Amino acid sequence: MNNEERADLIAQEMVANLNYNVLKEAAEDEKHDLISLLFKALAFSAKKHSKQTRKDIDKSPYINHPIALASILAQRWVIDENVLCAAILHDTIEDTKTTADELRKHFGEKITSIVLEVSDDKSLEKEVRKQLQIDHAASLSKEAKLVKLADKIANITDIINTPPVNWSKERKQEYFAWAKAVVNNLRGAHQGLEKEFDDLIADPRII
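Everything numeric in this text was worked out from a predicted model, so none of it was measured.

Scanning the protein chain from terminus to terminus reveals nine helices and zero strands. What you see in the protein chain, going N to C, is helices and strands ordered as α-α-α-α-α-α-α-α-α. Expressed as a percentage of the 207 residues in the protein chain, the buried residues total 39%. Restricting the contact set of the protein chain to residue pairs at least 6 apart, pairs at least 24 apart contribute 67%.

Here we come to the nonpolar core. Counting residues in each nonpolar core, the largest one holds 50 residues, and the members touching the most others are L73, L89, F107, I111, V147, I156 and Y175. Taken together, the elements giving at least two residues each to this core come down to α1 (3-48), α2 (64-75), α3 (81-89), α5 (100-117), α7 (142-161), α8 (169-184) and α9 (191-201). For this core, the element with the most residues is α7, which contributes ten residues. Setting aside chain neighbours within four positions, we find Y175 in contact with K152, N155, I156, I159 and W167.

We now examine the environment of Q131. You can see Q131 is positioned in helix α6 (residues 126-136). Sequence separation between Q131 and A181 is 50 residues, and the spatial gap between their C-alpha atoms is 9.5 Å.

Moving on: the confidence of the model for the protein chain. Predicted confidence across the protein chain gives a mean pLDDT of 89, with 85% of residues reaching 70 or more. The least confident element of the protein chain is α1, whose mean pLDDT is 68; the most confident is α5, at 98.

Moving on, we come to the packing of aromatic side chains. The geometry of an aromatic ring pair is captured by two quantities: the separation of the ring centres and the angle between the planes. Considering all chains together, one arrives at three aromatic pairs under this definition. Ring geometry for F44 and F107: centres 5.4 Å apart, planes at 85 degrees, overall edge-to-face. Of this pair, F44 sits in helix α1 while F107 sits in helix α5, placing them 63 residues apart in sequence. Judged on exposure class, the residue F44 and its partner F107 are both buried.

With that settled, the discussion passes to the environment of S60. For S60, the location among the structural elements is in the loop between α1 and α2. Note: C-alpha distance between S60 and T162 (102 residues apart in sequence) is 9.5 Å. For S60, the side chain forms a polar contact with the side chain of D56, separated by 2.9 Å.

What follows is about a negative patch on the surface. Among the surface-exposed residues, E30, D33, D80 and E81 lie close enough to one another that they form a single negatively charged patch. By the secondary structure assignment, D80 is in the loop between α2 and α3.

Here the focus is α2. Spanning twelve residues, α2 covers 16 Å between terminal C-alpha atoms, matching the ideal 16 Å at 1.5 Å per step. Turning to α2, its buried residues are H65, P66, L69, A70, I72 and L73. End-on view of α2: buried residues confined to an arc of 160 degrees, all on one side of the axis. In the stretch just after α2, W77 is the one whose phi turns positive, near 65 degrees.

A few words on the pattern of salt bridges. Under the definition given, this model contains ten salt bridges. With a shortest N-O distance of 2.7 Å, R104 and E109 are connected by a salt bridge. A relative accessible area of 28% places R104 in the partly exposed class. Sharing partners across several salt bridges, the network here consists of D101, R104 and E109.

Turning to unusual backbone geometry, a few remarks are in order. Its identity as a non-glycine residue notwithstanding, K59 has a phi of 50 degrees, on the positive side. Among the structural elements, K59 can be located in the loop between α1 and α2. Even without being a glycine, W77 presents a positive backbone phi close to 65 degrees.

Rules used in this analysis
Just so you know, the residues in each chain are numbered from 1, in the order the chain's sequence is written. With the structure being a predicted model, the display of local features is reserved for residues of pLDDT at least 70 and the display and counting of side-chain atom pairs for 80 or more, all residues being used for whole-chain, interface and lining totals. Think of the side-chain values as coming from all heavy atoms in the structure, minus any hydrogens and water. In DSSP terms, a helix is any run of H or I states spanning at least four residues, a strand is any run of E spanning at least two, and both are numbered starting from the N terminus. Exposure categories follow from relative accessible area, calculated using a 1.4 Å probe and restricted to protein chains: below 20% of the type maximum is buried, above 50% is exposed, and the middle band is partly exposed. Throughout, a residue-residue contact means that at least one pair of heavy atoms, one from each residue, lies within 4.5 Å. Put simply, buried Ala, Val, Leu, Ile, Met, Phe, Trp, Tyr and Cys residues joined by side-chain atoms within 4.5 Å make one nonpolar core. Confidence of the prediction at every residue is given by pLDDT, a number between 0 and 100. The aromatic pairing rule takes the rings of Phe, Tyr and Trp, using the six-membered ring of Trp, and pairs them if the centres are within 6.5 Å, calling planes under 30 degrees apart stacked, those over 60 edge-to-face and the rest tilted. Pairing of N or O atoms within 3.5 Å defines a polar contact, subject to two protein rules: one partner must be a possible hydrogen donor and the other a possible acceptor, and residues neighboring in sequence count only if both atoms are side-chain atoms. Patch membership needs two things, relative accessible area over 30% and no salt bridge, and members are linked within 9 Å if like-charged or within 5 Å if nonpolar (Val, Leu, Ile, Met, Phe, Trp, Tyr). A 1.4 Å probe and the Shrake-Rupley method give the accessible areas. Residues count as covered only by the protein chains that appear here. Any Lys or Arg side-chain nitrogen located within 4 Å of an Asp or Glu carboxyl oxygen qualifies as a salt bridge. Two residue types count as positive, namely Lys and Arg, and two as negative, namely Asp and Glu; His and chain ends fall outside the count. In plain terms, the charge of a residue is placed at NZ if it is Lys, CZ if Arg, CG if Asp and CD if Glu. Helix span is expected to be 1.5 Å times the residue number reduced by one. Taken from the helix axis, the directions to the C-beta atoms give the arc we talk about.

What follows is the structure in structure tokens.
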């Protein structure tokens, strides 16, 4: 190898190293931004739900539920920051005094739009809201469908393991049947989440 060829090789190695370092730094910055956004969403949701509990006998902190959604999604390799943050925030508009404008101010239009898609209108009767979830499920965005799937998985898991106080077997069965009707209209969004739901529905403890 002559000097000119050696110089070209060194130059190529320097460019390759530079490209690697730039990409690595960009990846680290992106990872940092994602973690920061998720913790911001967790802090916001925890504050909004601070006075709420779940319906189990231990009255578990409500924040456990949105955290469970994010965990279910992440375990199935759903790593879209908008979906994960929307999962953490999914009940803030429906179950707290949080407004869409407030959410939009802190988290932007995309995350807010997903949360709005999965939020029930509490001014309607419960049975109407439940039917609307079934009717609207198929037309949700893919991001909202992922959040809705995780929500149903988390709720059924809780009903099996730490059921709401005073829920009869019949009431549990009614919830399972309704949740299945909703999920049937979400199918095609994520095969892994859908299988996880189906495995739960087939659990001998709820038959």
